[in-house]
Amino acid sequence: MIKNLLLSAAFGLGVFAVLDFASSIPDVHMSYASNSCVEVLNYPSVLFGTTNFSCENMPTKFNHVWVQ
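Residues numbered from 1 in each chain as written. Predicted model: local features only at pLDDT ≥ 70, side-chain atom pairs only at ≥ 80, totals over all residues. Heavy atoms only, no water.

K.L.:
Help me understand the sheet that holds strand β1 (residues 27-31) in this model?
P.N.:
Working definition: the strands of a sheet are paired by backbone hydrogen bonds and lie parallel or antiparallel to each other. With respect to topology, 3 strands assemble into an open sheet ordered β2-β1-β3, the strand pairing being mixed. Two strands close off the open sheet at either side, each with one partner strand: β2 (37-41) and β3 (63-67). Mean inter-strand twist for the sheet, computed between neighbouring axes without regard to direction, equals 25 degrees. Where β1 lies against β2, 4 bridges are found, and the strand directions are antiparallel. For M30, the partnering residue across the bridge sits in β2 and is C37. (Pairing = 2+ DSSP bridges. Helix = DSSP H or I, 4+ residues; strand = E, 2+ residues; numbered from the N terminus. Axes fitted to C-alpha atoms, helices over the stretch in contact; angles between N-to-C directions.)

The structure is reproduced here in structure tokens:
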């Protein structure tokens, strides 16, 4: 019974970590006309903290959003 409880807790923490990471991926707004970065929207993360990415300091993974 304790083994099942520990496995369930580990699985729950793993799911929480994956969802927390996925929801904290920044949005990079790219100009449709010039194909250059306009703005980076950073989102806070419970486990990983807030990162301060910018157009000069682009993240390796981001949500690509086209803007005018």
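And the narrative resumes.
K.L.:
Quick question: what am I supposed to make of the pairing of β1 here?
P.N.:
Taken residue by residue, a regular strand's side chains alternate between the two faces of the sheet. Most of β1 is tucked away: 5 of the 5 residues are buried. Along β1, one buried face is formed by D27, H29 and S31 and the opposite face, lined by V28 and M30, is buried too. With antiparallel pairing between neighbouring strands as the criterion, β1 and β2 make up a hairpin whose turn holds 5 residues, including N35 at a positive phi of roughly 55 degrees. In terms of strand pairing, β1 meets β3 through 5 bridges, oriented parallel. Paired with H29 across the strands is V65, a residue of β3. (Buried < 20%, exposed > 50% of the residue type's maximum accessible area, 1.4 Å probe, protein only.)

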